[in-house]
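What the coordinates show
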Amino acid sequence: MSLFIFYYNTIPLLSLLPLISIKNYTLSIKIYCTITALLRIFAYLKSNIHQKNNKKQMKKRFSFLSLLLVTAIAFANPIDFDKAFKESAKIEKQIKKTSFPKQTYNITDFGAKPDNETEPCHEAINQAILKCSLAGGGTVVVPQGTFYTGPITLKSNVNFHLQEGAILKFLTNQSLYFPGVITRWEGLDCYNARPLIYAYGETNIAITGKGTIDGQGSNETWWPMCGAPRYGWKEGMVAQRNGGRERLLMYGETSTPIYKRVMTPEDGLRPQLINLYSCNTVLIEDVTLLNSPFWVIHPLFCESLTVRGVYVYNRGPNGDGCDPESCKNVLIENCTFDTGDDCIAIKSGRNQDGRKWGIPSENIIVRGCYMKKGHGGVVIGSEISGGYRNLYVENCKMDSPDLDRVIRIKTSTCRGGLIENVFVRNVTVGQCREAVLRINLQYENRENCNRGFTPTVRNVHLKNVTCEKSKLGVLIIGLDDDDHVYNISVEDSHFNNVAKDGNDIKGAKDVTFKNLYINGKLVK
């Protein structure tokens, strides 16, 4: 009778096993012990059933044990990377592609003249873009030559195309970029200096071609405004450290209305090279982007974004390469990043501003990229209060003693939010300075903010990652408990010449390794 009750309750549950995917390898030994213990309990209860003669009670016990058994088996299921990346293929199909009429508009026909720094041509460029858009769309062409310019505004259905040999050099006079526009600066809503190339609420836009866009950031122009002497700052110069950044942070913490957050040139908050705000169906392809004052590519509240074949060189402060913020359905492929900060940093707003909107970044694919230099190769955070889900990284190469981490997740109790579902495979690293994988829930612990917003990081999985030199393999800095970082795995990977000969994991659980070799030794 007991066996009948056991199978009667278990078989329907077993039929559901193909639908369960918990994605955790490393519980296998624990699962084996759990199943063994459950079967022993079952045998004990079976042997005593006739003595107790309480069939109802025994049926309940067997039902409960059956459920525990099936759940335990389900947790033993391995992470299926092929299945995960099939999901990324579905996401890629959802990314809308740009399309433009054949009509072209050459900026020289609107008065733009090359090699004339005293007469910047942004008015001619913006006139060409506006006329193109109003006529139904097409391509605005920047021909071969060097053109000096101020801020450029993109419009719907316009492909802004730089021919090979075309160079746009943005002037560094701050007055050209004010009054400000609505944007975000380090994850905080505000009106700040107009980004060098800007769009707001536009659809079907592109920046393409083999030409070069040079923000002309240097230790003589934009970069000293960060306030660091090594970037040219000297006492008495305008800088964010003189109160502008702190004022904006205060605006965020006190929920000051955005219309009151009007920043000025004296605040020293440098503009982005490219900032696309609330745009849909965007392509940035083949261009070379140099010397941004601040972040290089900053899509904000965008959907269906493709960044392909772009070369980014920006060794300045806060020189992030590509920072999608609260964006959905993004493909970044075949790009090269040589940056003074993170190569790719995914964001969703800082603290209260991120939580207020509650718009996560999601569904981002990174593949075939080369990260030469930066604080992190592919990064989530730290302005990530809106959360993040579904990152797919594959077939990338990273190699530099100046590259600190390969995969980096940074957040804090100022931020809160849920970060989940990160899949990384087939990444080759020559060397990095610190760790292959770093998860840090105590980022910038000295930040003055409203705390108590506990972040969670879960379901982070790496496979077939090789690194020839680093300080550590995996570095996890969790909170005081281990409940907020979990289900982390590394498999089929080799980390060589690891200075500390292992990993450093605190404040995390269900961190598992399968066929991970550090300095030639299998990590158990």
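Residues numbered from 1 in each chain as written. Predicted model: local features only at pLDDT ≥ 70, side-chain atom pairs only at ≥ 80, totals over all residues. Heavy atoms only, no water.

1. Details of the overall build of the protein chain
- For the protein chain, the helix and strand inventory stands at 8 helices and 32 strands.
- Counting all 524 residues of the protein chain, 57% fall into the buried class.
- Taking the intrachain contacts of the protein chain between residues at least 6 apart in sequence as the baseline, contacts between residues at least 24 apart amount to 76%.
- Carbon and sulfur atoms make up 50% of the accessible area of the protein chain, which amounts to about 21,900 Å² in all. (Helix = DSSP H or I, 4+ residues; strand = E, 2+ residues; numbered from the N terminus. Buried < 20%, exposed > 50% of the residue type's maximum accessible area, 1.4 Å probe, protein only. Contact = heavy atoms within 4.5 Å. Areas by Shrake-Rupley, 256 points an atom, 1.4 Å probe, with all protein chains shown as cover.)

2. Section: the pattern of salt bridges
- Here the structure, examined in full by the defined rule, presents 36 salt bridges.
- Across the salt bridge formed by Arg405 and Asp404, the nearest N and O atoms sit 3.9 Å from each other. In terms of burial, Arg405 and Asp404 fall into one category: buried.
- For the salt bridge of Arg458 with Glu420, the shortest nitrogen-to-oxygen distance reads 2.8 Å. Residue Arg458 is found in strand E27 (residues 456-467), and its partner Glu420 is found in strand E25 (residues 418-429); the two are separated by 38 residues along the sequence.
- The exposure class of Glu420 is buried, given its relative accessible area of 13%.
- Linked by salt bridges that have partners in common, Glu186, Arg245, Lys347, Arg350, Glu383, Arg415, Glu444 and Glu447 make up one network. (Salt bridge = Lys/Arg side-chain N within 4 Å of Asp/Glu carboxyl O.)

3. Remarks on the state of the cysteines
- Across all of its chains, the model carries 1 disulfide by this definition.
- In this model Cys414 forms its disulfide with Cys449; the gap between the sulfur atoms is 1.8 Å. Residues Cys414 and Cys449 are joined through a disulfide that is left-handed, its torsion about the S-S bond being -45°. Within this pair, whereas Cys414 is found in the loop between strand E24 (403-410) and E25, its partner Cys449 is found in the loop between strand E26 (435-440) and E27, the two being separated by 35 residues in sequence. (Disulfide = S-S within 2.5 Å.)

4. Some points on the pairing of strand E2 (residues 138-142)
- Along E2, 5 of the 5 residues are buried, which leaves the element largely enclosed by surrounding structure.
- Pairing between strand E1 (residues 104-106) and E2: 3 bridges, direction parallel. Residue Tyr105 lies in a different strand from E2, and its bridge partner there is Val140.
- As a crossover connection, the stretch from E1 through helix H6 (residues 122-134) into E2 is right-handed.
- In terms of strand pairing, E2 meets strand E5 (residues 158-162) through 5 bridges, oriented parallel. Looking across to E5, one finds that Thr139 is bridged to Asn159. (Pairing = 2+ DSSP bridges. Right-handed = clockwise from strand over helix to strand, strands pointing away.)

5. Quick notes on the confidence of the model for the protein chain
- Per-residue pLDDT for the protein chain has a mean of 90; in total, 85% of the residues score no lower than 70.
- Residue range residues 49-53 is modelled with pLDDT below 50. Its contacts to residues more than four positions away, or to other chains, number 3 contacts.
- pLDDT under 50 marks residues 65-76. Its contacts with residues more than four places away, or in other chains, come to 31 contacts. (pLDDT = per-residue confidence, 0-100.)

6. What to know about the environment of Asp482
- With respect to the secondary-structure elements, Asp482 resides in the loop between strand E28 (472-477) and strand E29 (485-495).
- Taking the C-alpha atoms as reference points, Asp482 and Asp510, separated by 28 residues in sequence, lie 9.3 Å from one another.
- Once residues lying within four places of it in the same chain are set aside, the contact partners of Asp482 are Gly507, Ala508 and Lys509.

7. Things to note about the side chain of Ser133
- By secondary structure assignment, the location of Ser133 is in helix H6.
- At 2.9 Å, the side chain of Ser133 forms a polar contact with the backbone oxygen of Ser156.
- Among all residues touching Ser133, those that are not within four sequence positions of it are Lys155, Ser156 and Val158. (Polar contact = N/O pair within 3.5 Å; in protein donor to acceptor, adjacent residues only side chain to side chain.)

8. A closer look at unusual backbone geometry
- Cis rather than trans, the peptide bond between Phe178 and Pro179 has omega equal to 5°.
- Along the chain, the position of Pro179 falls in the loop between strand E6 (166-170) and strand E7 (181-185).
- Residues Gly381 and Ser382 are joined by a peptide bond in cis, for which omega reads -5°.
- Relative to the elements of secondary structure, Ser382 occurs in the loop between strand E22 (370-380) and strand E23 (388-398).
- Phi is positive for Asn318, which is not a glycine, with a value near 55°.

9. A word on the pairing of strand E15 (residues 297-300)
- On E15, burial covers both faces: Ile297 and Pro299 on one face and His298 and Leu300 on the other are all buried.
- Pairing analysis gives 4 bridges linking strand E12 (residues 274-277) to E15, with the strands arranged parallel. Note that in E15 the partner of Tyr277 across the bridge is Leu300.

10. Describing the packing of aromatic side chains
- For the coordinates displayed, the defined rule picks out 10 aromatic pairs.
- Ring geometry for Tyr277 against Phe301: centres 5.7 Å apart, planes inclined by 65°, an arrangement best described as edge-to-face. Taken together, the residues span a long stretch of sequence, with Tyr277 in strand E12 and Phe301 in the loop between E15 and strand E16 (303-308) at a distance of 24 residues.
- Given a relative accessible area of 7%, Tyr277 falls into the buried group. (Phe/Tyr/Trp six-rings, centres within 6.5 Å; stacked < 30°, edge-to-face > 60°.)

11. Thoughts on the sheet that holds E12
- Pairing is parallel across the open sheet formed by 4 strands, whose spatial order is E4-E9-E12-E15. Across the chains shown, the open sheet's two edge strands, defined by having one partner strand only, are strand E4 (152-153) and E15.
- Across 2 bridges, E4 lies against strand E9 (residues 197-200) in parallel orientation. The residue bridging Thr153 from the neighbouring strand is Tyr198, located in E9.

12. Structural notes on helix H7 (residues 244-253)
- Counting buried residues along H7, 7 of its 10 residues qualify, which places the element largely inside the surrounding structure.
- Buried within H7 we find Gly244, Arg245, Leu248, Leu249, Tyr251, Gly252 and Glu253.
- If you follow the buried residues of H7, they end up packed against E7, strand E8 (188-192) and helix H8 (351-357).

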